[in-house]
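# Summary of structural features
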Amino acid sequence: METHRADLRLGLSKRGQLFECAYERLCTQPTVVLRELSDYLGLDPVAYGFDLSTLRSQNDKVGDYAHNPDWAPALDAMRDASVLKGYVAAVGSPAVSSR
């Protein structure tokens, strides 16, 4: 959320001074993301020979925090940023379960 606010305030994206990538996209499309990052940085991706063989999502290690009441305060604090980034649906949407 803070990165988004800074981007709005400073206009980093508009000036091409911010590269943002979702972790999930890096895991599902590593070649595409690394090529985009290389282009952004002005680097030759072939020269660096990225090793994509060990890149994989770690999401399977995350527990089911959404239904654990102990995590409700932390999840509530992160809700605005999560909605902004598309990780959870906005309040009132059918995709959001009620507690």
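Residues numbered from 1 in each chain as written. Predicted model: local features only at pLDDT ≥ 70, side-chain atom pairs only at ≥ 80, totals over all residues. Heavy atoms only, no water.

It is worth spelling out the confidence of the model for the chain at this point. The predicted structure's coordinates, where accompanied by low pLDDT, should not be read in detail. Considering every residue of the chain, the mean pLDDT works out to 76; 75% of them sit at 70 or more. For the chain, the element scoring lowest by mean pLDDT is helix 4 (residues 45-48), at 78; helix 3 (residues 30-41) scores highest, at 89. Across residues 93-99, where pLDDT falls below 50, the model places 8 contacts with residues more than four positions away in sequence or in other chains. (pLDDT = per-residue confidence, 0-100. Helix = DSSP H or I, 4+ residues; strand = E, 2+ residues; numbered from the N terminus. Contact = heavy atoms within 4.5 Å.)

Locating Leu18 in the fold gives a position in the loop between helix 1 (2-10) and helix 2 (23-28). A residue is classified by how much of its surface remains accessible, and Leu18, at 24% relative accessible area, is partly exposed. Along the chain, Leu18 and Asp7 lie 11 residues apart, while their C-alpha atoms are 7.9 Å from each other. Setting aside its immediate chain neighbours within four residues, Leu18 contacts Thr3, Asp7, Leu12, Ser13 and Tyr40. (Buried < 20%, exposed > 50% of the residue type's maximum accessible area, 1.4 Å probe, protein only.)

Our focus in this paragraph is the pattern of salt bridges. Applying the stated rule across the entire model yields 1 salt bridge. With its nearest N and O atoms 2.8 Å apart, the salt bridge here joins Arg25 to Glu36. Linking Arg25 in helix 2 with Glu36 in helix 3, this pair joins segments that are 11 residues apart in sequence. For Arg25, a relative accessible area of 29% corresponds to the partly exposed category. (Salt bridge = Lys/Arg side-chain N within 4 Å of Asp/Glu carboxyl O.)

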